[in-house]
Amino acid sequence: MQNLVKKNIEDILETSLVLEKPKDISLGHYATPVAFSLAKELRKSPMIIAEELAAKFKDSDMFEKVEAVKGFINFKLSNSFLESLVNDALSSSSNYCKEEDKNKKILLEYVSANPTGPLHIGHARGAIQGDAIARVGRHLGFDITTEYYINDAGSQMDMLGLSVCLAAKEFIFNEDVVYPESYYRGDYLIDIAKTVIEKFGKDVIYDESKHKEIAFFAKDLVMDIIVKDLGDLKITFDNFVSENSLYSSWDETRSVLEKNDSLYTKDDKVWIRSTQIGDDVDRVVVRDNGIPTYLAGDIIYHKNKYDRAFDEYINIWGADHHGYITRVKAAIEFLGNDSSKLEILLSQMVSLLKGGEPYKMSKRAGNVILMSDITEEIGSDALRFVFLTKKSDTHLEFDLDRLTNQDSSNPIFYINYAHARINQVFKKAELSFDDIKNEKFDTLNQDGLNLIYESLLLGSILNEAFAKRDMQKITDYLYSLASSIHRFYNEHKIVGSDEQNMYLKVLSISSLSIRTGLDLLGIKAKEVM
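Residues numbered from 1 in each chain as written. Predicted model: local features only at pLDDT ≥ 70, side-chain atom pairs only at ≥ 80, totals over all residues. Heavy atoms only, no water.

Regarding its fold elements, the protein chain presents 20 helices and 14 strands. Seen through its C-alpha atoms, the protein chain measures out along the principal axes to roughly 85 × 60 × 35 Å. Averaged over its 64 positive side-chain charges, the protein chain has a centre that lies 2 Å from the centre of its 83 negative ones. (Helix = DSSP H or I, 4+ residues; strand = E, 2+ residues; numbered from the N terminus. Lys, Arg positive; Asp, Glu negative; His and termini not counted. Charge placed at Lys NZ, Arg CZ, Asp CG, Glu CD.)

This is how it looks when you write it as structure tokens:
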């Protein structure tokens, strides 16, 4: 809607402009300060310019009223224009708010947790954010490929192999075990150890030379757990890329860096000159034992990404990876690529409560709260919604018990209730959408027009949310729309009134906006509650 209105205004005024939404809808549905930007060029007062420009819309069917107010131009949409938008939306509901192909390819990488154990609740935040960004972006016409980077190289894999063997010795063979300072823990390791013994035999547990083999076998089993847990949250990936598989490209990557004079050797280590592009210190990429570092893996991976020629790259990382941003971007520049094409979003930690008290850690995973436990307890829809109610770069704290409330304090209940309530109204009226689709809005009151306008804002909300990578804008919008629906229902008699069918058509577009918005967040709107 906003794009149509903006284009129409720009065509009539023959200039580009900024279109705003006044806080007080009684002033108009849209406003523009364009007169102020033209004042210097035209050498006139903004108020005079606004009056002259407003007069150009006297024959426009799109607007009921266009008026100049203190230099601003306010636009009130006409009933007929709103009706045409509603008719278009309801006649092709599956394409509602969809936009044409943007001809832009985006590689979106997220989660990318170490394959050493099940995903915990912190991983869920980045997973849900990434999936929602992908869903919304695709709906808006972007060609988005989603990717999970499997960190299956380095010391964490050695620790995984050792941890499986220690779990087998203690819990299967009932031996006294001395644990190192760092190791993985949790019941999932016992299950993996049993599978290892079934496949390779008992002796493999005591053969240190087999730890690496055990680790990679265990990694595949952990990835099966991770994929299932993500699937339970309705999250899937187009690609999985193994870090270990990329190290065969290190020599090629190193050669490119050396040609650009971005590497040097010191203390038998190979360093990258990351301070030349904003890092606080240079970083080691090859240890003194000749083994590439974790950073080297990231450099290879981002070369691999850029070699696949996407237009834009988005990474969602945990907040603890903040320090990697500058050094990775430096490496991208040294590889001859444009680091400005890489956007890195940080996902902050989550504090989980139950009844006002910290949520208990999971025995199955040792010392973390498992994502799968929370999905099982409150359901995929509630978890997805609550994790999108705050921008991911801010701390999130929520109480599970709140999500059992049957009132407005539980946002997903409140929104679903609005959607189900509309279905119930149709049922009481014993009518279907086909019965009211041709209704006119000629005599519709201002409350109905305002609800239509708010419902039709979904498209601009989706665009803003995607552009700012802020899905909270969608959850806030849906909650506000639900509140308006409940208020309209409480203040107006619908079933049996003279305006019944007209009101039902108004509620139809509201229902479609809630259903579409929730769907793009990976949530199915409830039909009955």
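Having put the structure on the table, let's press on.
Going through the model one piece at a time under the given rule, you end up with one cavity of 30 Å³ or more. Considering only enclosed or pocket space, the largest cavity measures out at about 60 Å³ in volume. Residue lining of the largest cavity: Arg125, Gln129, Phe387, Leu388, Lys390, Lys391, Ser392, Arg469, Asp470, Met471 and Gln472, and that is the complete set. Split by residue class, the lining of the largest cavity holds three nonpolar, three polar and five charged. (1 Å grid on protein atoms, 1.4 Å probe; cavity = no way out; pocket = protein on both sides within 12 Å on 5 of 7 lines; lining within 4 Å. Points joined across faces, edges and corners; volume = space filled by probe spheres on them. Nonpolar A, V, L, I, M, F, W, Y, C, P; charged D, E, K, R; others polar.)

A contiguous patch of negative charge, built from Glu100, Asp101, Asp143 and Asp311, is present on the exposed surface. The residue Asp143 is located in strand 5 (residues 143–150) in this model. (Patch = residues over 30% accessible without salt bridge, like charges linked within 9 Å, V, L, I, M, F, W, Y side chains within 5 Å. Areas by Shrake-Rupley, 256 points an atom, 1.4 Å probe, with all protein chains shown as cover. Salt bridge = Lys/Arg side-chain N within 4 Å of Asp/Glu carboxyl O.)

Since the α-helix packs 3.6 residues into each turn, any two residues three or four apart lie on the same face. In this model, helix 11 (residues 294–307) (14 residues) spans 20 Å end to end at C-alpha, consistent with the 20 Å of a helix rising 1.5 Å per residue. Among all positions of helix 11, only Leu295, Ala296, Gly297, Asp298, Ile299, Ile300, Tyr301, His302, Lys303, Lys305 and Tyr306 are buried. Once helix 11 finishes, Ala309 follows within two positions and takes phi at roughly 55°, a positive value. (Expected span 1.5 Å × (residues − 1). Buried < 20%, exposed > 50% of the residue type's maximum accessible area, 1.4 Å probe, protein only.)

A separate point is unusual backbone geometry. One non-glycine residue with positive phi stands out, namely Glu14, at about 55°. Counting through the fold element by element, Glu14 comes out in the loop between helix 1 (2–13) and strand 1 (30–32). Taking the relative accessible area as the measure of exposure, Glu14 reaches 72% and is therefore exposed.

On to the packing of helix 10 (residues 250–259) against helix 11. Closest axis-to-axis distance for the helix 10/helix 11 pair is 10 Å, and the angle between their directions is 85°. By the angle between their axes, helix 10 is roughly perpendicular relative to helix 11. Taking contact as the criterion, the partners of Trp250, Glu252, Thr253, Val256 and Leu257 in helix 10 are, on helix 11, Ala296, Ile299, Ile300 and Lys303. A per-class count over the contact of helix 10 with helix 11 returns six nonpolar, one polar and two charged. (Axes fitted to C-alpha atoms, helices over the stretch in contact; angles between N-to-C directions. Parallel < 35°, antiparallel > 145°, perpendicular 65-115°, else oblique. Contact = heavy atoms within 4.5 Å.)

Moving on: the pattern of salt bridges. Under the defined criterion, the tally for this structure stands at 32 salt bridges. Across the pair Glu312 and Lys104 runs a salt bridge whose closest N-O atoms are separated by 3.7 Å. Of this pair, Glu312 sits in strand 10 (residues 312–318) while Lys104 sits in the loop between helix 4 (79–91) and strand 4 (105–109), placing them 208 residues apart in sequence. Overall, the relative accessible area of 31% leaves Lys104 in the partly exposed class. Between Asp131 and Arg384 there is a salt bridge, with the nearest N and O atoms lying 2.5 Å from each other. Of the two residues, Asp131 sits in helix 5 (residues 121–139) while Arg384 sits in helix 14 (residues 380–387), which places them 253 residues apart along the sequence. What emerges from the salt-bridge pattern is a single network uniting Lys104, Glu312, Glu343 and Arg469.

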